[in-house]
Amino acid sequence: MPEIITTVAAWRTRRAAHRAAGRSVGFVPTMGALHEGHASLFRAAREENAVVLASVFVNPTQFDETHDFENYPRTLPADQALMDAAGVDAVFVPSVAEMYPDGTRYRVDEAEFSRELCGAHRPGHFSGMLTVVLKLLQIADAERAYFGEKDWQQLALIRGMAQAFFLPTTIIGRPTVREADGLALSSRNARLSPAERALAPRFHQVLTTAPTPATATAALSAAGFAVDYIEDHDGRRLGAVRLGATRLIDNVPLA
Ligand code: PAF
């Protein structure tokens, strides 16, 4: 099983030993409720680094709805087993106080792209996400950090932040992992009712086949999705929809 590390000081001691021994570190930050998408990130980190560090931290500052934060699945024992099978060496599981010794006085604010797409529908989300990712990258002090392309806007903002703040860690994006029916893997899929789960793959299908964002929006609305947005941006079609209380996001390359 991966070693559980709960304090910044404890990881720093281990990191110093890895550095002295010339061992590279690959870092995979997560909020837990792990699935095969996370496992693919762990395996990529395993292939490219001597040591694999994961983190499990349900970050309160990136939830725009309190009930979403409270209901976010917390499944550490199952997560540990998945990390073990994927070759993770250590997992950083900090408390909120450990991550936010400043309370939340200091925040990262991106003034342009974070206001669009998901940012237009989730006020404060990307500021909270970038803030915690900056903290985690500073703590992990890794050569490489791995993120899924399902959260394409998140990945683009993290890459931009790493460049803007001269962070030494290389940011690596990995392809979205899907169910056989096309639904992108997400911790939130577990919240879908059987009827919603049966409908959910239509999201990816319509994103891929509709000629325009407007026709995609019309087709998804007619099928029973509440559409937050569907937009073409930078060679990709991105979307967010709601099925009941569950919000799903996805993106595909434009043909
Ligand atoms: O993608 C996630 O799971 C989270 O947004 C991240 C990157 C771990 C930051 O909390």
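An account of the accompanying structure is given in this report. (Residues numbered from 1 in each chain as written. Predicted model: local features only at pLDDT ≥ 70, side-chain atom pairs only at ≥ 80, totals over all residues. Heavy atoms only, no water.)

**Some thoughts on the site of the ligand**
In step 1: Around the ligand, a shell composed of Pro 29, Thr 30, Met 31, Gln 62, Met 129, Val 132, Val 133 and Gln 154 is seen.
In step 2: Contacts to the ligand include Gln 62, whose side-chain N or O atom sits 2.6 Å from an oxygen atom.
In step 3: Gln 154 places a side-chain nitrogen or oxygen 2.8 Å from an oxygen atom of the ligand.
In step 4: Burial of the ligand by the protein amounts to 88% of the accessible area it has alone, namely 290 Å².
In step 5: Counting residues per element, the ones that place at least two in the shell around the ligand are strand E2 (25–30) and helix H7 (125–140).
In step 6: When the residues that make up the shell around the ligand are grouped by side-chain class, the tally is five nonpolar, three polar and no charged. (Near = heavy atom within 4 Å. Polar contact = N/O pair within 3.5 Å; in protein donor to acceptor, adjacent residues only side chain to side chain. Areas by Shrake-Rupley, 256 points an atom, 1.4 Å probe, with all protein chains shown as cover. Helix = DSSP H or I, 4+ residues; strand = E, 2+ residues; numbered from the N terminus. Nonpolar A, V, L, I, M, F, W, Y, C, P; charged D, E, K, R; others polar.)

**Looking at the sheet that holds strand E6 (residues 170–174)**
In step 1: Pairing is parallel across the open sheet formed by six strands, whose spatial order is E1-E4-E3-E2-E5-E6. Edge positions in the sheet fall to strand E1 (3–5) and E6, since each has one partner strand and no second. Along the sheet, successive strands turn relative to each other by an average axial angle of 25°, direction set aside.
In step 2: Pairing geometry for strand E5 (residues 144–148) and E6, over five bridges, is parallel. Within E6, the residue paired with Arg 144 across the bridge is Thr 170.
In step 3: In the packing of helix H1 (residues 8–20) onto the sheet, contacts are made with E1, E2, strand E3 (51–56) and strand E4 (90–92), and the angle to E1 comes to roughly 125°.
In step 4: Strands in contact with H7 are E2, E3, E4, E5 and E6; relative to E2, the strand with the most contacts, it is inclined by about 150°. (Pairing = 2+ DSSP bridges. Axes fitted to C-alpha atoms, helices over the stretch in contact; angles between N-to-C directions. Contact = heavy atoms within 4.5 Å.)

**Regarding the pattern of salt bridges**
In step 1: Under the criterion given, the structure shown has 17 salt bridges.
In step 2: The salt bridge involving Asp 109 is made with Arg 115; its shortest N-O contact spans 3.1 Å.
In step 3: On the basis of relative accessible area, Arg 115 is assigned to the partly exposed category, the value being 44%.
In step 4: Taking the shortest distance from any N to any O, the salt bridge between Lys 150 and Asp 151 comes out at 3.7 Å.
In step 5: Owing to a relative accessible area of 16%, Lys 150 belongs among the buried residues under this scheme.
In step 6: With relative accessibility at 26%, the residue Asp 151 sits in the partly exposed group.
In step 7: Taken together, the shared-partner salt bridges in this structure form one network comprising Arg 15, Arg 19, Asp 141 and Glu 143. (Salt bridge = Lys/Arg side-chain N within 4 Å of Asp/Glu carboxyl O. Buried < 20%, exposed > 50% of the residue type's maximum accessible area, 1.4 Å probe, protein only.)

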